[in-house]
Amino acid sequence: MPKKLMEDYSIFNAGHVVLQSGLTFRDAKLAYKTYGSLNADKSNVILYMTSFSAHHYDVDWMIGPGAALDTDRYFVVVPNLFGNGLSSSPSNAVEPFNGARWPNFTIADNVAIQHRLLTQQLGVDELQLACGWSMGGIQAYHWAALYPHRVRRLAVTCGAAKTSEHNKVFLEGIRATLTADAAFQNGTFVSRPERGLRAMGRSYAAMAMSQTFYREELWRRAGFSSLEDYLVMSWEMNFLRRDANNLLAHMWTWQHADISANPLYHGDFHAALQAITAQALIMPSATDLYFQVEDNRLEVEQMRNARLLPIPSVWGHRAGLPSANVEDAAFISDAIRELLAQ
């Protein structure tokens, strides 16, 4: 991690946490970053969640003065998912929960501890908006279902309320690719699996972007000189800077995501969607290959106050993280500004 980022966040010490698995995770630490100022009555809070393998600084493109998440008006809190290397993770765990003994956190486990951060540490009772991209959007969905009276608005970009069967198959594929490396032994990585991480990046690239993206060579807009340059410098490098055991932890969390898989809803997915009272904006990418528009359409049909707004993009899943894509960035930003104005 670059030195300038070492103290770029705060830690909420959650203590001993009983997970959905029944295991107690001791001395759980939630890393989080805040932007902007909390107003006197603590009514200007936006919760913006991180995505697969990402840290808060990987997803902060729409935070800042005048941005969609306007820090001149709002207090933006970005909690880091457990397993991402900043919050408690396999890479920083001590015995017995390091390596293959990591006790996987569900999305509901993450959200419950985020709820404690907001209420116990920050004294916040209500969110103006819960939002996120990909796994961040999955967390936002969980917030709206598990704490419906605390979430006024919901914005999900390229995410879902439950991981689809096709998405699970995709995750099985990248897990198999990564763990084929010889460094994977007895359920854990005993050394850095460079070959596995590079292979995972190449496998991931096929599903993350659309066929049209590749046909039109849109990687050139991001400054890459060839397709091979793009695969090496974007996708391989993205995963080479991650810890492999952390990636496995996040795959498990993603694969088991379901807003109804908890004691509140007992697996009743329709009831969980119906319980969401937030004004919801669900924004899939038109060309996302694993969070499909149709999945979101079926969810929105069962929600009380939701709008489906597909992003007209050829950037696939990465339409929701448009670091090199000004059109999608403008589309998402304008939609979220409109939601916050309502």
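On a predicted model such as this, the values are computed, not experimentally measured, just so you know.

1. Considerations on helix α9 (residues 293-301)
Here's step 1: Listed as buried for α9 are Asn 296, Glu 299 and Val 300. Buried residues of α9, viewed axially, fall in a sector of 95°; they line one side.
Here's step 2: Buried residues belonging to α9 abut α2 (135-146), α8 (269-274), β11 (279-283) and β12 (306-308).

2. Some details on the nonpolar core
Here's step 1: Within the largest apolar cluster, 116 residues are counted, with the highest numbers of intra-cluster contacts made by Leu 154 and Tyr 204.
Here's step 2: Of the residues forming this core, the biggest block, eight residues, is contributed by α2.

3. Description of the sheet that holds strand β7 (residues 129-133)
Here's step 1: If you walk across this open sheet you meet the eight strands as β1-β2-β6-β3-β7-β8-β11-β12, and the pairing is mixed. The open sheet has two free edges, formed respectively by β1 (10-18) and β12, since each of these has just one partner strand. When the angles between neighbouring strand axes are averaged without regard to direction, this sheet yields 20°.
Here's step 2: As defined by bridge partners, strand β3 (residues 45-49) adjoins strand β6 (residues 75-79) across three bridges and the pair is classed as parallel. The residue bridging Val 45 from the neighbouring strand is Phe 75, located in β6.
Here's step 3: Strands in contact with α9 are β11 and β12; relative to β12, the strand with the most contacts, it is inclined by about 155°.

4. Concerning the UniProt feature "active site" (unreviewed entry) in the protein chain
Here's step 1: The residues that UniProt annotates with the feature "active site" (unreviewed entry) are Ser 134, Asp 288 and His 317. Taking the farthest pair of C-alpha atoms as the criterion, the annotated set spanning 184 residues converges on one region, since that pair is 10.6 Å apart.
Here's step 2: On the secondary structure map, Ser 134 appears in the loop between β7 and α2.
Here's step 3: With relative accessibility at 2%, the residue Ser 134 sits in the buried group.
Here's step 4: When near neighbours in sequence (up to four residues on either side) are disregarded, Ser 134 contacts Ser 51, Thr 157, Cys 158, Gly 159, Phe 291 and His 317.
Here's step 5: In contact with His 317, not counting residues within four places along its chain, are Trp 133, Ser 134, Cys 158, Ala 208, Asp 288, Tyr 290 and Phe 291.

Cut-offs used in this document
- Residues numbered from 1 in each chain as written.
- Predicted model: local features only at pLDDT ≥ 70, side-chain atom pairs only at ≥ 80, totals over all residues.
- Heavy atoms only, no water.
- Buried < 20%, exposed > 50% of the residue type's maximum accessible area, 1.4 Å probe, protein only.
- Helix = DSSP H or I, 4+ residues; strand = E, 2+ residues; numbered from the N terminus.
- Arc of directions from axis to C-beta.
- Contact = heavy atoms within 4.5 Å.
- Core = buried A, V, L, I, M, F, W, Y, C linked by side-chain atoms within 4.5 Å.
- Pairing = 2+ DSSP bridges.
- Axes fitted to C-alpha atoms, helices over the stretch in contact; angles between N-to-C directions.
- UniProt positions renumbered as here; feature names shortened; annotations may be inferred.

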